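In case you want the letters, here they are:
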Amino acid sequence: MVDVKHDRLTFDAAALLDMLERSFSSRLRQVSLVTEVDVSEVMIDAAADALGRVYRRSGDRELARRWPGCVAVALTGVASARCEPGHRQGTYWRHWWAACHVRGRAQDGTAFGETFLAALRVFGLPTFPELGETQKYLGPIMMHAGIPTHCLADFFRFLLSSRAQESGLDLEAVLARVSGGRRIGGVSEPVRRFLQYGGDYAQDVIDRCMELLERLGAEGEPDLAGLGLPARIVEQAQALARDGLLEIGWQVASAERPRIALDPFGQGIHLVLPRTQSGSGPHDPGRAADGWTVTIGGVTTEVRSHPLGPVTPCVLPLPRPAPRVQVTQDGSAGQTELDLVDPADPLLIFTEGGRFVPPHQALPPEAVWVAHPGDREPATGAGGPARVIAESRLPLGWEGWRLTQISLDGAAWLALSGDGAPRRAVRGQHTPRLLTGEPLPGVSTPDGSPVLSGLPAVWLPGGSEACWLISVRRSTGGPPVFTGSRTALQPVEVTGLWAGALRPVLGTFVITVRGPIGRGIRRTVTIAEGLGVRCDPPVRLFRADGLAPARAWLSAGPGMAVTPQTPVLSPQEPDRTVTCATHGESMPLVVTPPHMRVFAERAAGQGEWSAGPLRLDTGELDEIEALRIEIPGVTTAFPLGVVVGGCTVQEVGRSVRGRYSLWRVRDTVTAHGGADLVVPAGVVCAEAVPVASIYAAAAGDPWLSVEWSPRRTP
């Protein structure tokens, strides 16, 4: 490409635009935002000057038809290169008129604005209609400019301060606040506008820039490949770091925050609490935080991380719908607030991979999971009811709610049925997916993350010339296991991610796929390749002293050892920790054979699950509203027997999904001075299964007031 200053151009403007168009058009078909097309300021000025010459001679008739790529790149390029932190409405056009050498009037701004929108439509790029009529032209130009170069220093400092551990801020909450029109300190006007309306694009730019800062803060020569960021952003970050104008390093590594996620066939809607490190500098990693205080709907829970999980996240199932979740890490003065259920719009949306999609973000045109009250149905703009792909069940506590997977392919929006329900826009293109297969049943990391026995692959969507950058890295750092690029004109499954890894694969890995901005994914998976597990009995039922004893058989392929290989679990052990080891790597895993459990639901849904029969004082009946019983594999309703002296004196019918009201047994228990609650014989096995014993403790007798407490289970 010719690199000359525009004031020395001597050849015809149309010829220059024809030459540039061939290059720009090809690259614009591979991106989501125009700013992703890397073009030097010299060529931006040359294109702008040539467009101005043509416009002065013949108006805007030919611009969008003949040179849409030049129009898109030039107008966006001037915004990204010229706009400053104090930029306000109207400033941009002065820069544009100077670049194209046109004495611009209001009608000229309208002409170039319409030409820009037409150029976006040529390449299938977003036009951001949600910006409204007042921002009809300037808004899309600034959105496609992303973060202007002169605003990057403030933007990087904002990211670092927001994600520093002591700040207590959460970027998801920050994006939600900005999207609601609230101003955030340290954010310039162009950045605020991009965060407010950028949705997935803004989230992805933040994610990539945080990874950029993290790599710049690592020891040694930084590896900056595969980020998929415009060169000007990477170069500016390097210059600022080199000049000591960014405080990067150890604080960036501790940037992961609590988040809401979905496991549709396991934990349900849950909170992911990362184990972060606290220390005083890059060479003082400090200690892992011991736990969290979580408040859900006014009910506070203390969460303690597993002692064997120093860096893996802790998963806390959310026991009920609530407007927000408040999280405080031990030893931190800051608090993270995560919005959950909006009473005015109780629709929760998750991607196919389980990522929560906040209300301010647009939805991908693919399969999503939706949770909503059962008396309202999701509707799309595709005509007719939403197409349901799969349906699952939410855990106890979410009675009256449904969880379904629906397709948004061809939909314009998604909303709950009913007048006035807000519509969530569907836009963009399909994103990559991680193909993992089903996780190992009954096996998890110490903090509850699933474990895969097979090796994941990546599915890439077709339909564009986009270049996808794929990387696989260990969560603990080190050189990448795999890096590569792939262009997929048709949907394709990439399976060669593990060719360079030592086999069998063992550990926790971060798999990143970077494509056009807004279309990337990053997933963390734990793999124990070839591991298998079998348990006897298949489901552990209660007996008087806890759970039925069990044995697990763990099988591993060549090159992997499991210790112990056949753990035996006593009645007080719902789970057992084993160690997997291979070629110098080892990691603890938790084996939890499927087992029965019971929950004593107190006021406001408080309580905890127990992996053994409960012992309750008759005085506690005033505090306990119901018992919830879960037996894996049992989906049919069954009664709960009230037994006194070996005889059944009452049966309590199942109400809602295993919930048994204790109000119905109070008179019986009081009259008999106590009773046993059992699952009757023949329901799940040949014998009755104990659930709880209710007794009348003698006043002043400390032995009778001692309650046996089995080990609790999440």
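Attention here is on the structure that accompanies the text. (Residues numbered from 1 in each chain as written. Predicted model: local features only at pLDDT ≥ 70, side-chain atom pairs only at ≥ 80, totals over all residues. Heavy atoms only, no water.)

Quick notes on the overall build of the protein chain
- A count of helical and extended segments in the protein chain gives 14 helices and 42 strands.
- Burial analysis of the protein chain (714 residues in total) assigns 51% to the buried set.
- Excluding contacts between residues fewer than 6 apart, the proportion of contacts in the protein chain whose partners are at least 24 apart in sequence is 63%.
- Looking at the protein chain as shown, the accessible area adds up to about 30800 Å², and 51% of this sits on carbon and sulfur atoms. (Helix = DSSP H or I, 4+ residues; strand = E, 2+ residues; numbered from the N terminus. Buried < 20%, exposed > 50% of the residue type's maximum accessible area, 1.4 Å probe, protein only. Contact = heavy atoms within 4.5 Å. Areas by Shrake-Rupley, 256 points an atom, 1.4 Å probe, with all protein chains shown as cover.)

Quick look at the environment of threonine 618
- Take threonine 618: it is sitting in the loop between β36 (614–617) and β37 (626–630).
- Threonine 618 sits in the partly exposed class, given a relative accessible area of 27%.
- Linking threonine 618 and arginine 666, residues 48 residues apart in sequence, is a C-alpha distance of 8.5 Å.
- Leave out the neighbours within four places in its chain, and threonine 618 touches Val669, Ile694, Tyr695 and Ala696.

Regarding the pairing of strand β32 (residues 576–582)
- Alignment of strand β30 (residues 561–563) against β32, held across three bridges, turns out to be antiparallel. Looking at β32, one finds that valine 562 is bridged to cysteine 580.
- The pairing of β32 with strand β33 (residues 585–591) spans seven bridges and is classified as antiparallel. For arginine 576, the partnering residue across the bridge sits in β33 and is valine 591.
- Two successive antiparallel strands, β32 and β33, enclose a turn made up of two residues, where histidine 583 displays a positive phi of approximately 30°. (Pairing = 2+ DSSP bridges.)

Notes on helix α1 (residues 13–28)
- For α1, built from 16 residues, the straight-helix expectation of 22 Å at 1.5 Å per residue is met to within 8% by its first-to-last C-alpha distance of 21 Å.
- A maximum bend of about 30° is found in α1 at glutamate 21.
- Inspection of α1 places Ala13, Ala14, Leu16, Leu17, Leu20, Glu21, Phe24, Ser25 and Leu28 among the buried residues, and these make up the whole buried set.
- Along its buried surface, α1 packs onto α2 (41–58), α3 (63–66) and α4 (68–82). (Expected span 1.5 Å × (residues − 1). Bend = angle between axes of the 7 residues up to and from the residue.)

Considering the pattern of salt bridges
- Within this structure, the stated rule accounts for 29 salt bridges.
- Measuring nitrogen to oxygen at the nearest pair gives 2.8 Å for the salt bridge that ties arginine 208 to aspartate 204. In this pair, arginine 208 and aspartate 204 both sit in helix α11 (residues 200–217), four residues apart, roughly one turn of the helix.
- Given the relative accessible area of 7%, aspartate 204 is considered buried. (Salt bridge = Lys/Arg side-chain N within 4 Å of Asp/Glu carboxyl O.)

Description of the sheet that holds strand β29 (residues 550–555)
- Reading across the sheet, the three strands line up as β26-β29-β31 and stay open at both edges, with antiparallel pairing between neighbours. At either margin of the open sheet sits one strand with a lone partner, and together these are β26 (532–536) and β31 (568–569).
- Pairing analysis gives five bridges linking β26 to β29, with the strands arranged antiparallel. Bridge pairing links glycine 532 to serine 555 in β29.

A word on the sheet that holds strand β39 (residues 647–652)
- Strand order across the open sheet formed by five strands is β36-β42-β41-β38-β39, with mixed pairing between neighbours. At either end of the open sheet lies a strand with only one pairing partner, and these are β36 and β39. In this sheet, neighbouring strand axes are inclined to one another by 25° on average, regardless of whether the strands run parallel or antiparallel.
- Pairing geometry for strand β38 (residues 640–644) and β39, over five bridges, is antiparallel. Its bridge partner being in β39, valine 644 is matched across the sheet by cysteine 647. (Axes fitted to C-alpha atoms, helices over the stretch in contact; angles between N-to-C directions.)

Digging into the state of the cysteines
- In total, this model carries zero disulfides according to the counting rule given.
- With no disulfide of its own, cysteine 151 lies 7.5 Å from the sulfur of cysteine 83, the closest cysteine sulfur. (Disulfide = S-S within 2.5 Å.)

By themselves these figures say nothing about function.
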